[in-house]
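Chain by chain, the residues run as shown.
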Amino acid sequence: MTSSTTNENPNPEQDEKLRELTAQSWNLELVISGAALFAVLQLPDLLDEAFDYFRFNLMTQTTGLHLIFPSLVYSLMRATGYVLFMAFLTNFVMRAYWVGLVGLRAVYPSGIHYDRIPFTTKQSQERMAAKLGPLDAYVHRLDQRCNIVFAVAFLFVFLLILVAFTYVQVLVIYSIVRPVVPAPYWLLIKIVAGTLALGYLFTSVVLNLPRIRSNPRGAIWHDRFTAMNKVMYWGLYKPVVFIVNTFYSHIPYQKLARTMVLMMGCFFVVVMVEFLVDFSRVNRRTTSLNRHHLFSTRVDSLYVNPSAYNNLRAEDAYIEQAAIQADVTRDPFIRLFIAYPKALDTLLTRLAPEPVWSDTLARAEKRRRFAAWSHQQINQFIHLTINDSLYQNPDLLFTQWGQHHQKGWQTVLLPTNLRPGKNLIRIGIQADPSKRPEEIITLPFWYIPEK
């Protein structure tokens, strides 16, 4: 029984054509490596923008695993981008060097004559000849290494795509599906998902045991399980498997295992360092890699956060919690903006369930009533003090701030208790008047009145 045409070996004519293409692939490698270097250089900025948008518009929780997991995936993507850059840069430099050697060989077809090298003894010439070998052999080895580096670079490209697609899937589940599922059902879904994950890991370990795979029935189930795994590759199963199996079938197992352990260990270190750096960038209160003995950022009133002042914040930066016009002001008023991220919306949705509107109301009337109700609710929940005075009616209005159109509330306060020097604005959420408000942020600023 003949196999399908997709699995047949190429005929001599096709094989010769493949050899010709392989011999000319170096120029495509240079073009692809150059384009990839340019693309990878744009990746960190794109990831920063995407992650910041996610933090302020889609992230529903800011504590525990909900905070760590997105940051870890973000750091994994950035670390993969750095590895990609180094891999394509290495290939580009090695291939350019190879082109130089090929051009040199075209000028001197006979290669290196070690016995003609001046200023060396005969013994040194013999040692160099034995150690270095002919130029043709070195050019061939260098060509092979360039091809291997290029293939490994594309393995990291596939890794980045797999991580990105998987993260998008998790993001859709937690940001879109999770809010519409009641809490009891969501708990049941998590239990079922955890059970399936444990069952998957157990099945994977059992079916990969040599004793099971050597059994005909076990081999059938292993093949079915492998076929099911193709879904996890997001359509990249064949490209990944062709590269990986080529390495598996030509590199000794012990050497391959050592190389993989070394590469994964280095990659893990890069990811962890990047995670600490990124976490410090996202949360300016952390100083994991640059500690100082008497430096603390844990108390808002003792810390100046540049994000909280319009004159200190970068134009393209998000406002983390709230912001005023300047850290030092001569104005007798305070222009205040309070950010409304998705995480805060999760709390407010629980505190203020939407009323049931009459079905007889027109759509425009429903929108008007909802706007008035939401305005009344947020002004009721926001607890705002300047120094020791409570602002009873901040009259917050809805707005979208900056080039990112960040959602939030804005008001202009006319306090009568500003004192020259340092002042404090405290902002919190107070759902129950009998309890202390849940603090959002405390902003210190300095008031220097006009003379």
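A few points on the structure. (Residues numbered from 1 in each chain as written. Predicted model: local features only at pLDDT ≥ 70, side-chain atom pairs only at ≥ 80, totals over all residues. Heavy atoms only, no water.)

Thoughts on the overall build of the protein
- A count of helical and extended segments in the protein gives 12 helices and nine strands.
- Computed over the C-alpha atoms, the radius of gyration of the protein is 32 Å, more than 25% above the 22 Å expected from 2.2 N^0.38 for a compact globule of 451 residues.
- With the C-alpha coordinates aligned to their principal axes, the bounding extent of the protein is approximately 95 × 65 × 45 Å.
- Split into buried and exposed, the 451 residues of the protein put 31% on the buried side.
- With the model as given, the accessible surface of the protein reaches about 29800 Å², and the carbon-plus-sulfur share is 64%.
- When the 44 positive and 33 negative side-chain charges of the protein are each reduced to one mean point, those points stand 6 Å apart. (Helix = DSSP H or I, 4+ residues; strand = E, 2+ residues; numbered from the N terminus. Rg over C-alpha atoms; globule rule 2.2 N^0.38 Å. Buried < 20%, exposed > 50% of the residue type's maximum accessible area, 1.4 Å probe, protein only. Areas by Shrake-Rupley, 256 points an atom, 1.4 Å probe, with all protein chains shown as cover. Lys, Arg positive; Asp, Glu negative; His and termini not counted. Charge placed at Lys NZ, Arg CZ, Asp CG, Glu CD.)

Overview of the packing of aromatic side chains
- Tallied over the full model, the rule gives 13 aromatic pairs.
- One aromatic cluster in this structure is built from Phe-88, Phe-150, Phe-154 and Phe-158.
- The ring of Trp-221 is capped by Arg-224, whose NZ or CZ atom sits 5.0 Å from the centre of that ring. (Phe/Tyr/Trp six-rings, centres within 6.5 Å; stacked < 30°, edge-to-face > 60°. Lys NZ or Arg CZ within 6 Å of the ring centre and 35° of its normal.)

Section: the nonpolar core
- In this structure, Ile-324, Leu-336, Ile-338, Ile-382, Ile-425, Ile-427 and Phe-445 are the most contacted members of the largest nonpolar core, which totals 28 residues.
- When residues of this core are traced back to their parent elements, those giving at least two are strand S3 (334-339), helix H11 (342-351), helix H12 (363-381), strand S4 (382-386), strand S7 (406-413), strand S8 (421-429) and strand S9 (438-447).
- For this core, the element with the most residues is S9, which contributes four residues.
- Here Ile-382 is in contact with Ile-338, Leu-396, Ile-427, Gly-428 and Ile-429, once residues within four sequence places are set aside. (Core = buried A, V, L, I, M, F, W, Y, C linked by side-chain atoms within 4.5 Å. Contact = heavy atoms within 4.5 Å.)

Observations regarding the sheet that holds strand S5 (residues 389-391)
- Ordered by their spatial adjacency, five strands build an open sheet running S2-S9-S8-S4-S5, and the pairing between neighbours is mixed. What marks the edges here is a single partner per strand, and that holds for strand S2 (328-329) and S5.
- Examined bridge by bridge, S4 and S5 share three bridges and lie antiparallel to one another. Counterpart to Ile-386 in the pairing with S5 is Ser-389.
- With respect to the sheet, H12 is in contact with S4 and S8, its orientation differing from that of S4 by roughly 50°. (Pairing = 2+ DSSP bridges. Axes fitted to C-alpha atoms, helices over the stretch in contact; angles between N-to-C directions.)

Some words on the environment of Thr-203
- Mapped onto the elements of the fold, Thr-203 is located in helix H6 (residues 183-207).
- Linking Thr-203 and His-222, residues 19 residues apart in sequence, is a C-alpha distance of 9.3 Å.

Things to note about a nonpolar patch on the surface
- There is a patch of nonpolar side chains on the surface, built from Ile-68, Leu-72, Phe-268, Val-269, Met-272, Val-273 and Val-277 and spanning about 560 Å² of accessible area.
- Per-element accounting of the nonpolar patch gives the leading share, five residues, to helix H10 (residues 253-282).
- Position of Met-272 relative to the elements: it lies in helix H10. (Patch = residues over 30% accessible without salt bridge, like charges linked within 9 Å, V, L, I, M, F, W, Y side chains within 5 Å. Salt bridge = Lys/Arg side-chain N within 4 Å of Asp/Glu carboxyl O.)

Looking at the packing of H6 against helix H8 (residues 216-229)
- Interhelical geometry of H6 versus H8 gives an angle of 135° and a closest axis separation of 10 Å. Judged by the angle between their axes, H6 and H8 are oblique. The interaxial crossing formed by H6 with H8 has left-handed handedness. Touching Tyr-200, Thr-203, Ser-204 and Leu-207 of H6 are Gly-218, Trp-221, His-222, Phe-225, Met-228 and Asn-229, all from H8.
- Its residues assigned to classes, the contact of H6 with H8 shows five nonpolar, five polar and no charged. (Parallel < 35°, antiparallel > 145°, perpendicular 65-115°, else oblique. Left-handed = near helix turned anticlockwise from the far one by under 90°. Nonpolar A, V, L, I, M, F, W, Y, C, P; charged D, E, K, R; others polar.)

Structural notes on a positive patch on the surface
- A cluster of basic side chains, namely Arg-141, Arg-145, Lys-255 and Arg-258, defines a positive patch on the protein surface.
- Relative to the elements of secondary structure, Lys-255 occurs in helix H10.
- Residue class for Lys-255 comes out partly exposed when judged on its relative accessible area of 47%.

Nothing here speaks to function; it is geometry throughout.
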